[in-house]
Amino acid sequence: MQEKTPVKVIDGRQLSDLLIEEMTQEVNERTQKGLPQPGLAVVLVGEDPASTIYVRNKIRCAEKAGLFSLVIRLDASCTQQALDDVVVELNERDDIHGILVQLPLPKHLSEARIINLIDPTKDVDGFHPVNVGLLSSGQAKLVPCTPLGCMEILEREMGDVSGKHAVVIGRSNIVGKPMANLLLQANCTVSIVHSKTIDAAALCRQADILVAAVGVAELVDQNWVKPGAVVIDVGINATEIDGKRKLVGDVNFADVADKCRAITPVPGGVGPMTIACLIKNTLTAAKQHDM
Ligand code: NAD
């Protein structure tokens with residue numbers, strides 16, 4: 001009888017450290033050549049605990065990679081005009097190559113307006129319509145960090161993904177759609193599954209690469225997975241197990257792991273790669289600025 005290959009649990013923290021190490025080296029080489037230190041500005045409105053932690057981790061990572069970084073904090077009750085003014089000023093600063101406004105914003109502020117106001121060449125979240133258009137027309141410059149992180153994982157794990165059937169669960173602007181576009185550009189055959197898809201599990205069972213970006217805790221069980229598939233779990237869902245708060249993904253890890261070739265855990269999979277890709281985008285933005 002043929003031996004079953006053991007599943008590989010992809011260590012996103014280790015991959016992220018590796019990526020940051022590579023970028024730190026690049027940043028050092030830049031500064032030695034007299035090129036400007038890449039600069040990242042993060043704007044945080046209010047004191048949402050999750051956003052505060054995300055921002056802290058982003059800045060810590062930026063500093064580790066040798067970037068110049070700053071956080072601009074605004075009160076939760078700030079006006080749209082005050083937020084606009086901050087973004088306009090950052091757009092004009094020569095020492096800032098990347099601008100990130102931490103989302104979600106308080107309800108009285110317009111996210112769409114702020115996304116549109118950020119200079120597209122400094123839009124390290126890749127949400128500006130110019131960057132969305134460049135990605136979908138095959139001229140990507142700044143790409144949303146989470147799908148970019150998923151592609152880094154896939155390329156490092158699988159090498160060439162050309163010809164693979166990739167199924168993306170979810171069609172949001174920040175994960176699902178850019179993910180599908182990136183996979184398409186890597187020559188995968190791509191299907192997108194969403195909340196209105198009929199028999200989503202049957203489609204997912206055809207996937208060589210399955211990316212879950214749904215926001216439904218442990219939706220994907222082994223009935224959704226083709227044997228030998230590579231499964232990327234983007235979901236971060238807070239649940240309570242035995243009275244303890246726990247983060248779980250969109251994939252039921254324990255149920256699925258045995259069936260696939262490789263899988264990302266939650267936490268410690270896609271999350272750390274998202275932050276590393278923010279640094280990558282800031283470096284990309286700085287390089288574009290050099291030209
Ligand atoms: P979203 O709510 O904007 O989109 C969810 C998508 O899932 C929608 O397109 C919807 O059509 C689809 N969907 C919902 N229920 C479905 C079902 N039963 N079957 C098939 N499709 C269904 O969410 P999002 O912003 O794309 O985030 C998705 C998940 O990824 C969330 O858990 C979020 O917390 C997580 N996330 C993680 C990171 C990270 O760094 N790891 C970054 C961004 C988002």
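Per-chain numbering applies: the sequence of each chain, read as written, is numbered from 1 onward. Per-residue local features are limited, in this predicted model, to residues with pLDDT of at least 70; the limit for side-chain atom pairs, both in listing and counting, is 80 or more; totals at the level of whole chains, interfaces and linings are taken over all residues. As a convention, hydrogens and water are excluded, and side-chain values are obtained from all of the structure's heavy atoms.

In the annotation of an unreviewed UniProt entry, the protein chain is listed under the name Bifunctional protein FolD and assigned to Enterovibrio norvegicus. UniProt positions are given in the numbering used here, feature names are shortened, and annotations may be inferred rather than shown by experiment. You can read under Function (unreviewed entry) in the UniProt record for the protein chain the words "Catalyzes the oxidation of 5,10-methylenetetrahydrofolate to 5,10-methenyltetrahydrofolate and then the hydrolysis of 5,10-methenyltetrahydrofolate to 10-formyltetrahydrofolate." Quoted verbatim from the Sequence similarities (unreviewed entry) heading of the UniProt record, the comment on the protein chain is "Belongs to the tetrahydrofolate dehydrogenase/cyclohydrolase family."

Peer 1: Quick one: what's the story with the pattern of salt bridges, residue by residue and with numbers?
Peer 2: By convention in these notes, a salt bridge is any Lys or Arg side-chain nitrogen within 4 Å of a carboxyl oxygen on Asp or Glu. Taken as a whole, this structure holds 10 salt bridges when the rule is applied. Of the charged contacts in the structure, one is a salt bridge between Arg 30 and Asp 290, with a shortest N-O distance of 2.6 Å. Highlighted residues: Arg 30 in helix α1 (residues 12–32) and Asp 290 in helix α10 (residues 270–290), separated in sequence by 260 residues. Type-normalised accessible area, obtained with a 1.4 Å probe on protein chains alone, sets the label of each residue: buried when under 20%, exposed when over 50%, and partly exposed for intermediate values. In this structure Arg 30 comes out as buried when scored by relative accessible area, which is 5%. Segments assigned H or I by DSSP are reported as helices when at least four residues long, segments assigned E as strands when at least two residues long, and all are numbered from the N terminus.

Peer 1: Tell me about the sheet that holds strand β11 (residues 262–263), and name the residues and values.
Peer 2: Only when DSSP finds a minimum of two bridges between them are two strands counted as paired. The strand order across the open sheet built from 6 strands is β1-β11-β8-β7-β5-β6, with neighbouring strands paired in parallel fashion. Only two strands of the sheet have a single partner each, and these edge strands are β1 (8–9) and β6 (189–193). Note that strand β5 (residues 165–169) and β6 share 5 bridges and pair parallel. The residue of β6 that forms the bridge with Ile 169 is Val 193. Relative to the sheet, helix α6 (residues 145–158) contacts β1, β7 (209–212) and β8 (230–233), its axis offset from that of β8 by approximately 155°. Should any heavy atoms of two residues lie within 4.5 Å, those residues are considered in contact. Every axis in this analysis is a line fitted to C-alpha atoms, fitted for helices over the stretch in contact. Angles between the N-to-C directions lie between 0 and 180 degrees.

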